[in-house]
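Letter by letter, the chains look like this.
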Amino acid sequence: MNRFKIVSIFLSVSVLSAFIVFIGQKLIPNPVPVEQVFPGKVWAKTVTQLPDLQGVGAPRAENCGKCHEEIYKEWKTSTHSQALSDLQFQAELSKTSSPKWICLNCHIPVQNQRENIVLNLNHGDYFQPIEIPNPGFDPIMQKEAITCATCHVRVDGKGASYVIGANGNTSPPHPVKIDAEALRNRCYDCHNETYELNASLVCSFQTGGELKEASKHFSEKTCVNCHLPSVQRSFVIPSLNKPKRNAHKHAFIGGGVPKKFELYKEQIPGGYKPGIALVGWEWKDSDIIVTIQNQNAGHYLPSADPERHLKLELVWFDKDGKEIAKDKIRYGQDWEWSPKARKVADNRLKPKEIRDWKAKIPNAEAVSVTLRVYHVRLTNSTSDYVKKYTTGAPKEYEDKIKELKKHYPHSSLVLESKYSWKTKKVLNTSLPDLFKLNESRRGE
Ligand code: HEC
Ligand code: HEC
Ligand code: HEC
Ligand code: HEC
Ligand code: HEC
């Protein structure tokens, strides 16, 4: 045997054994704790299993609602209570490319809500969660999604559940610890998170940072000031004879696009106020200038999900009220999703920012113009795409996803104003009238 042969046999043996070792490593389970893969990430873990709460029983919203009835009813109308049944969420969850356990950690975050728990990832790979059955699974609580306990219930050092409150000097039948800061800052865990999981899977919620940036403009310093508006009332049902206090509405109204059409009527009573406001109209030579402002949102407008945007339209009319032309602009973020997710543009309105939209009067026939502002959460094209890729969502959702426009509000008309420049007349549509109209609008 010559030297060359010996070397080549040696090489083949070592390549082969390296290959076997490599395959072996992939086949042999190698659990890596979640906190080692995502150190310090709240969404990497569920809220610890919560045992029955003294004086209440299972820490379900429906149980809290027996005494905190008004809060419960408001919360039922909120987006939070629908973070699991959300049709777009169910559609996205059914994609094989979704790391489901991570999505669920923000949308149904308490361990009681989970059939299975993920403590380890095989080889540290988030697409290989090692799922173990949860003996404490509560299917009723699962449906409650972002339930009362998400923000309010934790376990003490002795393993007993307690309620986190912000007041003190109250007399509840259940244990309470007062920690107003922790309760008010809980929002940031989910609404202020930017993380790149892989090139095309990016989580980008920056509402908390935007609020900090805006703080000089506002006396309202926390999310609670605007999204849980104050109301003087008892915390509980009248039969418990508790005094009126400074309580907070729990409808968590946001951009005015609810998850179901029947929830449009709950938006204004829940505290809805559009971020955008009309500052005024002006006529200058052959131009009309409409001035708008982000007057009410303590963050960018719109904030949160990158697909959200404001669509502004100017519709021109002749003296007979016939539509003769239309102009359109968009305020929002622009993202490119492949090959790598990245933000390419962003013209959202910063808090209190004022902008002019100058538009040419289209011709001599035009006598009036109407501004319409839509808050769009889901475009028609994304909606059609969502329908196409969805297979394998649970039956109760799948049927509705197939007719997404019929069941799922995509946008809302949030401002309408008509200007006749010759007569200087301005006619604004009231918010309640707009929200009546929204009930019957469909799509983008
Ligand atoms: C059997 C009735 C009852 C049930 C059930 C109940 N609570 Fe209460 N809770 C009360 C009463 C009474 C108070 C005190 C009201 C007062 O003194 O004005 C209270 C007070 C509170 C407070 C305010 C404490 C503070 O001082 O800031 C919070 C928060 C709270 N409850 C949350 C919950 C949650 C969450 C649940 C469900 C897991 C729940 N409660 C279930 C009766 C109940
Ligand atoms: C860090 C917490 C977090 C994680 C993880 C997370 N979400 Fe969300 N999700 C949110 C928040 C906060 C919102 C509300 C933002 C908004 O309404 O614009 C939201 C809203 C949504 C919506 C509704 C969008 C809209 O405009 O109303 C969908 C759909 C959704 N998430 C899908 C997913 C999917 C799929 C995953 C997993 C790949 C996921 N989420 C993981 C926090 C999270
Ligand atoms: C455990 C994660 C989590 C926490 C904590 C949380 N949220 Fe949310 N929030 C969400 C998710 C997820 C959605 C969207 C659900 C969907 O669209 O299906 C949402 C939706 C909202 C919306 C509705 C947006 C819209 O236009 O529909 C508002 C407003 C909101 N949250 C405010 C808050 C505030 C204020 C707090 C703190 C008091 C808070 N959230 C705490 C996860 C969370
Ligand atoms: C997304 C987080 C979140 C969820 C979900 C939530 N709360 Fe609250 N809740 C708060 C915050 C924050 C406050 C404190 C507001 C303050 O005083 O600054 C609060 C206050 C309260 C109070 C004191 C009275 C008041 O109105 O201020 C009660 C009682 C209460 N919540 C019960 C509930 C019940 C019952 C549910 C479920 C039906 C629930 N909460 C769901 C965040 C939440
Ligand atoms: C100064 C009042 C104010 C403060 C403070 C505030 N918001 Fe908002 N928020 C609004 C208004 C008004 C809207 C409705 C904007 C619109 O017209 O779409 C809104 C909308 C939202 C939306 C829906 C997306 C959108 O732009 O419509 C989410 C989610 C949200 N807020 C979360 C938060 C969270 C989380 C915090 C705290 C970090 C917070 N907000 C602080 C006033 C406020």
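Rules behind the numbers
- Residues numbered from 1 in each chain as written.
- Chains lettered and ligands numbered in written order.
- Predicted model: local features only at pLDDT ≥ 70, side-chain atom pairs only at ≥ 80, totals over all residues.
- Heavy atoms only, no water.
- Helix = DSSP H or I, 4+ residues; strand = E, 2+ residues; numbered from the N terminus.
- Buried < 20%, exposed > 50% of the residue type's maximum accessible area, 1.4 Å probe, protein only.
- Contact = heavy atoms within 4.5 Å.
- Areas by Shrake-Rupley, 256 points an atom, 1.4 Å probe, with all protein chains shown as cover.
- Donors = N, O, S within 2.8 Å, 3.2 Å for Na, K, Ca; no water.
- Tetrahedral: all angles 85-135°; square planar, octahedral: opposite > 155°, others 65-115°.
- Arc of directions from axis to C-beta.
- Pairing = 2+ DSSP bridges.
- Axes fitted to C-alpha atoms, helices over the stretch in contact; angles between N-to-C directions.
- Near = heavy atom within 4 Å.
- Polar contact = N/O pair within 3.5 Å; in protein donor to acceptor, adjacent residues only side chain to side chain.
- Phe/Tyr/Trp six-rings, centres within 6.5 Å; stacked < 30°, edge-to-face > 60°.
- Salt bridge = Lys/Arg side-chain N within 4 Å of Asp/Glu carboxyl O.

If you check an unreviewed UniProt entry, the protein chain appears there as Cytochrome c domain-containing protein from Leptospira kobayashii.

## Let's talk about the overall build of the protein chain
If you tally the helices and strands in the protein chain, you get 17 helices and 19 strands. Considering the protein chain as a whole, with its 444 residues, one finds that 43% of them fall into the buried category. Considering only contacts in the protein chain between residues 6 or more positions apart, those separated by 24 or more positions represent 63%. Approximately 23800 Å² of the protein chain is accessible, and the part contributed by carbon and sulfur atoms is 56%.

## Digging into the coordination of the iron atom of ligand 4
The coordination sphere of the iron atom of ligand 4, as far as protein atoms go, consists of His-152 (NE2) and His-250 (NE2), spread over 2.0 to 2.1 Å. Coordination at the iron atom of ligand 4 is octahedral, judged from the six donor atoms that bind it and the angles of 86 to 179 degrees they form at the metal. With His-152 in helix α8 (residues 148-152) and His-250 in the loop between β10 (245-248) and α13 (267-270), the pair connects residues that are 98 residues apart, well separated along the chain.

## Digging into helix α15 (residues 395-402)
An α-helix turns once per 3.6 residues; consequently, residues spaced three or four apart project the same way. Within the sequence span of α15, burial applies to Tyr-397, Glu-398 and Ile-401. Down the axis of α15, the smallest arc covering the buried residues is 100 degrees, so these residues share one side. Along α15, the residues that are exposed and aim more than 90 degrees away from the buried face are Lys-395 and Glu-396. Looking at the buried residues of α15, the elements they touch are α5 (87-93), α14 (380-389) and α16 (404-407).

## What about unusual backbone geometry?
The peptide bond linking Leu-301 to Pro-302 adopts the cis configuration, its omega dihedral lying at -10 degrees. Tracing the backbone shows Pro-302 in the loop between β12 (287-294) and β13 (309-317). Cis rather than trans, the peptide bond between Ser-338 and Pro-339 has omega equal to 5 degrees. Structurally, the position occupied by Pro-339 is in the loop between β14 (323-336) and β15 (342-346). Unlike most non-glycine residues, Ala-145 shows phi in positive territory, near 50 degrees. Its place among the elements puts Ala-145 in the loop between α7 (139-143) and α8. Relative accessible area serves as the criterion here: at 0%, Ala-145 is assigned to the buried category. The backbone of Ala-304 sits at a positive phi, close to 70 degrees, despite the residue not being glycine. Relative to the elements of secondary structure, Ala-304 occurs in the loop between β12 and β13.

## What to know about the coordination of the iron atom of ligand 1
The coordination sphere of the iron atom of ligand 1 contains the protein donors His-68 (NE2) and His-174 (NE2), at a distance range of 2.0 Å. Each of the six donor atoms around the iron atom of ligand 1 contributes to a set of angles spanning 87 to 178 degrees, which defines the coordination as octahedral. In this pair, His-68 sits in the loop between α3 (61-64) and α4 (69-76) while His-174 sits in the loop between β5 (161-165) and β6 (176-178), placing the two residues 106 residues apart along the sequence. Look at His-174 and you get buried, because its relative accessible area is 15%.

## What about the sheet that holds strand β16 (residues 354-360)?
Taking strand neighbours across the sheet as the criterion, the three strands line up as β11-β12-β16 in an open arrangement whose pairing is antiparallel. Bordering the open sheet on either side are β11 (276-284) and β16, each of which pairs with just one other strand. Within the sheet, the average angular offset between the axes of one strand and its neighbour, ignoring direction, is 20 degrees. By the bridge criterion, seven bridges tie β12 to β16 in an arrangement that is antiparallel. Bridge pairing links Thr-291 to Asp-356 in β16.

## Concerning the sheet that holds strand β3 (residues 129-133)
Ordered in space as β1-β2-β3, the three strands form an open sheet in which the pairing is antiparallel. In this open sheet, the two strands that pair with only one neighbour each are β1 (31-33) and β3. Averaged over all pairs of adjacent strands, the angle between their axes in this sheet comes to 50 degrees, without regard to strand direction. Bridge count between β1 and strand β2 (residues 116-122): three bridges; the pairing is antiparallel. Paired with Val-32 across the bridge in β2 is Leu-121.

## Here we look at the site of ligand 4
Looking at ligand 4, there are 21 residues lining it, with Cys-148, Cys-151, His-152, Arg-184 and His-250 nearest. Here His-248 contributes a backbone N or O atom positioned 2.6 Å from an oxygen atom of ligand 4. Here a nitrogen atom of ligand 4 and a side-chain polar atom of His-250 are 2.9 Å apart. At the level of elements, α4, α8, α9 (180-185) and β10 are the ones that each hand at least two residues to the shell around ligand 4.

## Some thoughts on the packing of aromatic side chains
For the structure shown, the criterion picks out 13 aromatic pairs. Both rings, one in Phe-261 and one in Tyr-264, keep their centres 6.3 Å apart while their planes meet at 35 degrees; by these two values the pair is tilted. Measuring from ring centre to ring centre gives 5.0 Å for Tyr-272 and Phe-435, while their planes differ by 45 degrees; the resulting arrangement is tilted. Within this pair, whereas Tyr-272 is found in the loop between α13 and β11, its partner Phe-435 is found in helix α17 (residues 431-440), the two being separated by 163 residues in sequence. Looking at Tyr-272, the relative accessible area reads 7%, which means it is buried. Under the relative-accessibility criterion, Phe-435 is labelled buried at 3%.

## A few points about the pattern of salt bridges
For the structure on display, the rule yields 26 salt bridges. One salt bridge connects Lys-340 with Glu-196, and the closest N-O pair in it is separated by 3.0 Å. Separated by 144 residues along the polypeptide, Lys-340 in the loop between β14 and β15 and Glu-196 in strand β7 (residues 192-198) bring together distant segments of the chain. Accessibility expressed as a relative area gives 40% for Lys-340, which makes it partly exposed. Judged by its relative accessible area of 45%, Glu-196 is partly exposed. The salt bridge partner of Lys-358 is Asp-287, with a shortest N-O separation of 3.9 Å. Highlighted residues: Lys-358 in strand β16 and Asp-287 in strand β12, separated in sequence by 71 residues. Several salt bridges share partner residues, and in doing so they unite Glu-210, Lys-343, Asp-346 and Arg-348 into one network.

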